[in-house]
Amino acid sequence: MDETLIFERSVAGRCGVSLPPDDLPECDIASLVPCDLLSTSPPPLPEVSEGILVRHYTNLSRKNFSVDTHFYPLGSCTMKYNPKINETLAALEAFTHTHPYQPPDMLQGILTIAYELGEMLKELTGLHGISLQPSAGAHGELTSLMIIKAYFQQKGERRTKILIPDTAHGTNPASSSRCGFQVQQIASDKRGRIDLAALKLALNGEVAALMVTNPNTLGLFEEQIGEICDAVHENGGLVYLDGANFNAILGIVKPADFGADLMHINLHKTFSTPHGGGGPGAGPIVVRDFLSPFLPVPVLEKQQGQIVLRYDHAHSIGRVKSFLGNMAVVIKAYCYIRMLGAEGLKSISEHAVLNANYLLARLRGIFDVPYNDHCMHEFVVSAQNQKQKGIRALDIAKKLLDYGFHPPTIYFPLIVPEALMIEPTETESKETLDQFVQALERIVEMADKNPQAILKAPITTPVTRLDEYSAARNPILRWLSTSGK
Ligand SMILES: *Cc1c(COP(=O)(O)O)cnc(C)c1O
């Protein structure tokens, strides 16, 4: 494959567009733009024909590793197949040609979709108030923590601490610190669940909330979640649910029923939006009644059949995003839920859990499974045994690329050494899962016979093994062309 940069293919004077001759009178640019803003030389842009341009970007796009090209079992991220009908619908001109500054009575269609998606998410979570504004899960966390802070401030209580289990995603402590809270870690017990006794010991008048992920990042359901939430509530605190793992419990468990007071939902994980390249996503938050007055404004409400934007929430934390949120993601989630219906959503979770348990059962003979239990939609194995042969989880992940699989999440959660966190999702077939097992079997065999072959992996990708640290800290973004330039 041609690996030259588009700059290297540039030929002076070549042009990829043909514009009609302009019929405007010529004028001096200096009379239109202040002199200090004027460049003295043309921008150093590549000059290529339209055909070369199309080839360049098409070839680049083929280097993508995506859920549309490969199995992508990236634990905690729910990389599932996203039906293309949702893309088509979200791209309708009726949506893309609206402007957020149009008056609400001209936007009733898109506002109705946003409102109805909100109602569906309330139904699925059992919670009462919603904001679609946050742009991602982490943004939903931050927004929720701002609400928690405002809630206690308004009550005149000074609570400065957030409790977070040691299995939590890194965004949980990061969002808490960003919001000015102190973070206290809660240990897991030997079954990989929150240690209830340790939690009770940590509870006191300083604790504002517990951030909990259920099922947790080991893919295990917190069976004591009722008692856990009771303990936090008896102490006057709130329970925040990290909803990134919602794919495991759709239509089966309502978080409000087990005690969650507020949560975020990653629309881009659970409800159909391709993700992984940094967005766009959406992390709506859903809250109990008594927290609704603190929601970001505007809040959507239905009055006499019209959707109105309310800005008069008594204790609103204000806006956290321009306009209403990432509407294309909202539309895709709405279409996805409408298409599947209540039964379809439930079967998502049933199949996600079934697929994960099938894969786990097949991998038990290959890897060590530190928290060996039935799992929910994902599970974590350890490459501890392979490490003794000089092969780390990282090496296994890299070698998987040569077999055409995106690697699972590695080294997370932190309490599992040499962790491989695998989430197959409901959209994969048994055949794909079997091929994945086969690839892992071969890699583990190779670890015995020819470990060097694994340490060099990947060898089939455009770039092979990178120095992880230099690649992040000191990236060389310029490809050396075959001519050595
Ligand atoms: C993905 C994830 C988050 C953060 O969500 P983003 O949408 O990536 O910001 C938080 N917690 C868990 C458990 C996650 O998997």
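What counts, and where the lines are drawn
- Residues numbered from 1 in each chain as written.
- Predicted model: local features only at pLDDT ≥ 70, side-chain atom pairs only at ≥ 80, totals over all residues.
- Heavy atoms only, no water.
- Helix = DSSP H or I, 4+ residues; strand = E, 2+ residues; numbered from the N terminus.
- Buried < 20%, exposed > 50% of the residue type's maximum accessible area, 1.4 Å probe, protein only.
- Near = heavy atom within 4 Å.
- Polar contact = N/O pair within 3.5 Å; in protein donor to acceptor, adjacent residues only side chain to side chain.
- Areas by Shrake-Rupley, 256 points an atom, 1.4 Å probe, with all protein chains shown as cover.
- Nonpolar A, V, L, I, M, F, W, Y, C, P; charged D, E, K, R; others polar.
- Axes fitted to C-alpha atoms, helices over the stretch in contact; angles between N-to-C directions.
- Parallel < 35°, antiparallel > 145°, perpendicular 65-115°, else oblique.
- Left-handed = near helix turned anticlockwise from the far one by under 90°.
- Contact = heavy atoms within 4.5 Å.
- 1 Å grid on protein atoms, 1.4 Å probe; cavity = no way out; pocket = protein on both sides within 12 Å on 5 of 7 lines; lining within 4 Å.
- Points joined across faces, edges and corners; volume = space filled by probe spheres on them.
- Pairing = 2+ DSSP bridges.
- Domains from an automatic or database assignment.

A. Structural view of unusual backbone geometry. Going from Val297 to Pro298, the amide bond is cis rather than trans, its omega being 0°. Here Pro298 lies in the loop between β7 (285–287) and β8 (299–303). With a phi close to 70°, Ser272 is a non-glycine residue in the positive phi region. Not every positive phi belongs to a glycine, and Glu418 is a case in point at roughly 50°. Exposure remark for Glu418: the relative accessible area of 7% places this residue in the buried category.

B. Examining the site of the ligand more closely. Near the ligand the following residues occur: Ser76, Ala136, Gly137, Ala138, Glu141, His169, Thr171, Asp242, Ala244, Asn266, His268 and Lys269. Within the backbone of Gly137, a nitrogen or oxygen atom sits 2.8 Å from an oxygen atom of the ligand. Out of a free accessible area of 370 Å², the ligand has 88% covered by protein chains. For the shell around the ligand, the elements supplying multiple residues, two or more each, are α5 (137–155) and α10 (267–270). When residues of the shell around the ligand are assigned to their parent elements, the largest contribution, 3 residues, is made by α5. Grouping the amino acids of the shell around the ligand by side-chain chemistry returns 3 nonpolar, 6 polar and 3 charged.

C. Quick peek at the packing of α5 against helix α6 (residues 171–178). One way to put it is that α5 packs onto α6 with a least axis distance of 9 Å and a crossing angle of 40°. Taken together, the axis directions place α5 and α6 in an arrangement best described as oblique. Of the two elements, α5 crosses α6, and the hand of that crossing is right-handed. Residues Ala138, Glu141, Leu142 and Leu145 of α5 pack against Thr171, Asn172, Ser175, Ser176 and Arg178 of α6. Among the residues forming the contact of α5 with α6, the class breakdown is 3 nonpolar, 4 polar and 2 charged.

D. Quick look at empty space enclosed by the protein. Tallied over the entire structure, the rule returns 2 cavities of 30 Å³ or more. Computed from the structure, the largest cavity encloses a volume of approximately 60 Å³. In terms of lining residues, the largest cavity is bounded by Leu218, Leu220, Leu360, Val369, Tyr371, Asp373, Cys375, Phe379 and Val380. Per-class residue counts for the lining of the largest cavity are 8 nonpolar, no polar and 1 charged. In this model, the second largest cavity occupies a volume close to 30 Å³. As for the second largest cavity, its lining consists of Pro165, Thr167, Ala168, Thr213, Asn216, Thr217 and Glu222. A class-by-class count of the residues in the lining of the second largest cavity yields 2 nonpolar, 4 polar and 1 charged.

E. Region of interest: the sheet that holds strand β1 (residues 129–131). The strand order β1-β7-β6-β5-β4-β2-β3 describes an open sheet built from 7 strands, whose pairing is mixed. In the strand order of this sheet, the two ends are held by β1 and β3 (182–186), each with one partner. With strand direction ignored, the average angle separating the axes of adjacent strands in the sheet is 20°. Sheet topology note: the strand β6 (residues 262–264)/β7 ladder contains 3 bridges and is antiparallel. Paired with Met263 across the two strands is Val286, which belongs to β7. Docked against the sheet, helix α4 (residues 108–125) engages β1, β6 and β7, running at close to 125° with respect to β1. Running at roughly 175° to strand β2 (residues 161–165), α6 makes contact with β2, β3, β4 (207–213) and β5 (238–242) of the sheet.

F. Spatial organisation of the domain arrangement of the chain. By the assigned domains, the chain splits into domain 1 (6–62), domain 2 (84–339) and domain 3 (343–471). The C-alpha centroid of domain 3 is placed 46 Å from the C-alpha centroid of domain 1.

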